[in-house]
Amino acid sequence: MNLIVNVDKNWAIGLNNKLLVKIPDDMKFFRQMTTGKVVVMGRKTLESFPNQMPLANRTNIVLTKDEKYEKKGAIIVHSQEELMKELEKYPSDDIYIIGGESIYRMMLPYCNVAHVTKVDYAYMADTYFPNLDTMPEWKMTADSDEQTYFNLEYHFVKYERVE
C-alpha cells in the first residue's frame, strides 16, 4: 500500500480541516499518482473536498464511525476491520492512503511506500503526520530537485519501508 501526503517542515498536514497550502504541481502529482487507483480517507477529508464529493476517476473508500453516513460515489466502511476486508479486493500497489491524521496513523503500518511533498515552511496547524525521518523502518529512497512556488521551496520525496 502507498500513502501520499503534503507536510510542512514540522510534518504538519492541516488546520481546521483544510490543507496548509495548495501548490499546483503538488496537486498535479497527487492526480497523476492516484487517478485510476483506490484512495482511502476519513469522512472529514472527504468533506474538505470541493462540494464534499468523492474524487473523480478513482475508487473512493471512506472510513467513518457514523453508521448512517452515505455518499454517492464512495464506498463507506465503519471500522478498520471492515476497511481491511474491503481493501483485499484491490491490488496493494493500487491503494493510496490520503488522510487525514487518524487514517494515516492507522494505516501507516500497512504501507510500504510514502510519497511526501515536503514544504520548507512551518505553518500554524492542528493535524500532523508521523515524522518518517525519525522512524528507522522508513528510508528516503528518492528526493526531487528543489521546487519553488512563489516564495515556497518544496521537494517531492519518496520513502520506502525497509525490512
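Everything below is about the structure shown above.
My aim in this report is to walk through the structure given alongside it, one point at a time. Since the structure is predicted, the reported quantities are computational estimates derived from the model, not experimental observations. What you see as residue numbers is a count from 1 along each chain, following the sequence as written. Totals for whole chains, interfaces and linings use every residue, but because this is a predicted model, local features are given only for residues with pLDDT of at least 70 and side-chain atom pairs only at 80 or more, for both listing and counting. Only hydrogens and water are removed before side-chain values are computed, so all heavy atoms of the structure are retained for them.

Residue Gly100 follows Gly99 across a cis peptide bond; omega there is 0°. Only DSSP runs of H or I reaching four residues or more are called helices, and only runs of E reaching two or more are called strands; each is numbered from the N terminus. With respect to the helices and strands, Gly100 occurs in the loop between strand S7 (95-97) and helix H4 (101-107). In the Ramachandran plot, Asn51 falls in the positive-phi region, its phi being about 60° despite a non-glycine side chain. Residue placement: Asn51 occurs in the loop between helix H2 (43-47) and strand S5 (59-63).

Here we come to the pairing of strand S12 (residues 152-161). Summarising the sheet, strand S8 (residues 113-119) and S12 pair through seven bridges and their orientation is antiparallel. Its bridge partner being in S12, Lys118 is matched across the sheet by His155. Two strands form a pair only when DSSP identifies at least two bridges running between them. In this sheet, S12 lies alongside strand S11 (residues 147-149) in antiparallel orientation, the contact comprising three bridges. Looking at S12, one finds that Thr148 is bridged to Glu153.

What follows is about the side chain of Lys71. Along the polypeptide, Lys71 turns up in the loop between S5 and strand S6 (74-77). Residue exposure (1.4 Å probe, protein chains only): buried if accessible area is under 20% of the type maximum, exposed if over 50%, otherwise partly exposed. For the charge count, each Lys or Arg is scored as positive and each Asp or Glu as negative, with His and the chain ends excluded. The working definition used for a salt bridge is a side-chain nitrogen of Lys or Arg within 4 Å of a carboxyl oxygen of Asp or Glu. Of the buried charged residues, Lys71 lacks a salt bridge, with Glu47 as the closest side chain of opposite charge at 6.3 Å. Note on definitions: a residue-residue contact is assigned when non-hydrogen atoms from the two residues lie within 4.5 Å. Once you skip the residues sitting within four places of it in the chain, Lys71 turns out to touch Leu46, Gln52, Pro54 and Ile76.

This part takes up the sheet that holds strand S9 (residues 127-128). The strand order across the open sheet built from three strands is S3-S2-S9, with neighbouring strands paired in antiparallel fashion. At either end of the open sheet lies a strand with only one pairing partner, and these are strand S3 (18-19) and S9. Where strand S2 (residues 12-15) meets S9, two bridges bridge the pair, whose relative direction is antiparallel. Looking across to S9, one finds that Ala12 is bridged to Tyr128.

Core analysis: the biggest nonpolar cluster contains 27 residues, and Leu3, Val40, Leu87, Ile97, Phe129 and Leu132 have the highest contact counts within it. Within the residue set of this core, elements represented by two or more residues are strand S1 (2-7), strand S4 (38-42), S5, helix H3 (80-87), S7, H4, S8 and S12. If you look at the next biggest cluster of nonpolar residues, it comprises 20 residues, including Ile4, Tyr69, Ala74 and Tyr154. Nonpolar core, defined: a set of buried Ala, Val, Leu, Ile, Met, Phe, Trp, Tyr and Cys residues in which side-chain atoms within 4.5 Å join the residues together.

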